[in-house]
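Here is how the chains run, residue by residue.
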Amino acid sequence: MFFPGVLLSNELICHSNKDRNGHLSFSFTSEGLSLNSCETKQQICNSVEFKHLENHTFETSGSFIFNGSQSETLIFDGTFENLIVKTDFALSRSGDRLKSTDIQAQFVCQIANSI
């Protein structure tokens, strides 16, 4: 299993300092990572599949929280307390294309529903 720090839990809730009312909620199952619920101030929160790449890193099957992205990378730290979601291509609020290696959002996470 690649989630050694969260074997006693099945839910992870993440919040961004830039979006106090928003959240990301994930579940860990034997198949990997899945999204329970998601709310962001940009109202972008697409249902995607998460592919486990290595360690605590996952890739989405399409646009998750960035408008118009092709895929996004979720990088959890070793304790699953911090999450960075990155992409290299997205659309701005006005619809202009943004291409950068530094498009990212940061979240602080906590384990919930411990078993």
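This text follows the structure it describes.
Residues numbered from 1 in each chain as written. Predicted model: local features only at pLDDT ≥ 70, side-chain atom pairs only at ≥ 80, totals over all residues. Heavy atoms only, no water.

(A) Examining the environment of Phe 107 more closely. Topologically, Phe 107 is positioned in strand β8 (residues 97-114). Linking Phe 107 and Ile 13, residues 94 residues apart in sequence, is a C-alpha distance of 9.4 Å. Dropping the residues within four chain positions of it, Phe 107 is found in contact with Cys 14, His 15, Ser 16, Leu 24, Ile 65, Glu 81, Asn 82, Leu 83 and Val 85. (Helix = DSSP H or I, 4+ residues; strand = E, 2+ residues; numbered from the N terminus. Contact = heavy atoms within 4.5 Å.)

(B) Fine view of the packing of aromatic side chains. For the structure on display, the rule yields seven aromatic pairs. Arranged with centres 5.9 Å apart and planes meeting at 85°, the rings of Phe 26 and Phe 76 form a pair that is edge-to-face. Residue Phe 26 is located in strand β2 (residues 19-29), and its partner Phe 76 is located in strand β6 (residues 73-76); the two are separated by 50 residues in the primary sequence. The exposure class assigned to Phe 26 is buried, which follows from its relative accessible area of 0%. Residue Phe 76 is classed as buried on the basis of its relative accessible area, which comes to 4%. Taking the centre distance of 5.3 Å and the plane angle of 80° together, the rings of Phe 28 and Phe 80 count as edge-to-face. In this pair, Phe 28 sits in strand β2 while Phe 80 sits in the loop between β6 and β7 (82-91), placing the two residues 52 residues apart along the sequence. (Phe/Tyr/Trp six-rings, centres within 6.5 Å; stacked < 30°, edge-to-face > 60°. Buried < 20%, exposed > 50% of the residue type's maximum accessible area, 1.4 Å probe, protein only.)

(C) Here's a closer look at the side chain of Glu 72. Position of Glu 72 among the secondary structure elements: in the loop between β5 (57-60) and β6. Although buried, Glu 72 forms no salt bridge, and the nearest oppositely charged side chain, Lys 86, lies 13 Å from it. Of note is the side chain of Glu 72, whose polar atom sits 2.8 Å from the backbone nitrogen of Phe 64. In this view, Glu 72 contacts Phe 58, Glu 59, Thr 60, Gly 62, Ser 63, Phe 64, Ile 65, Phe 66, Val 85, Lys 86 and Thr 87; residues no more than four positions away in its chain are not counted. (Lys, Arg positive; Asp, Glu negative; His and termini not counted. Salt bridge = Lys/Arg side-chain N within 4 Å of Asp/Glu carboxyl O. Polar contact = N/O pair within 3.5 Å; in protein donor to acceptor, adjacent residues only side chain to side chain.)

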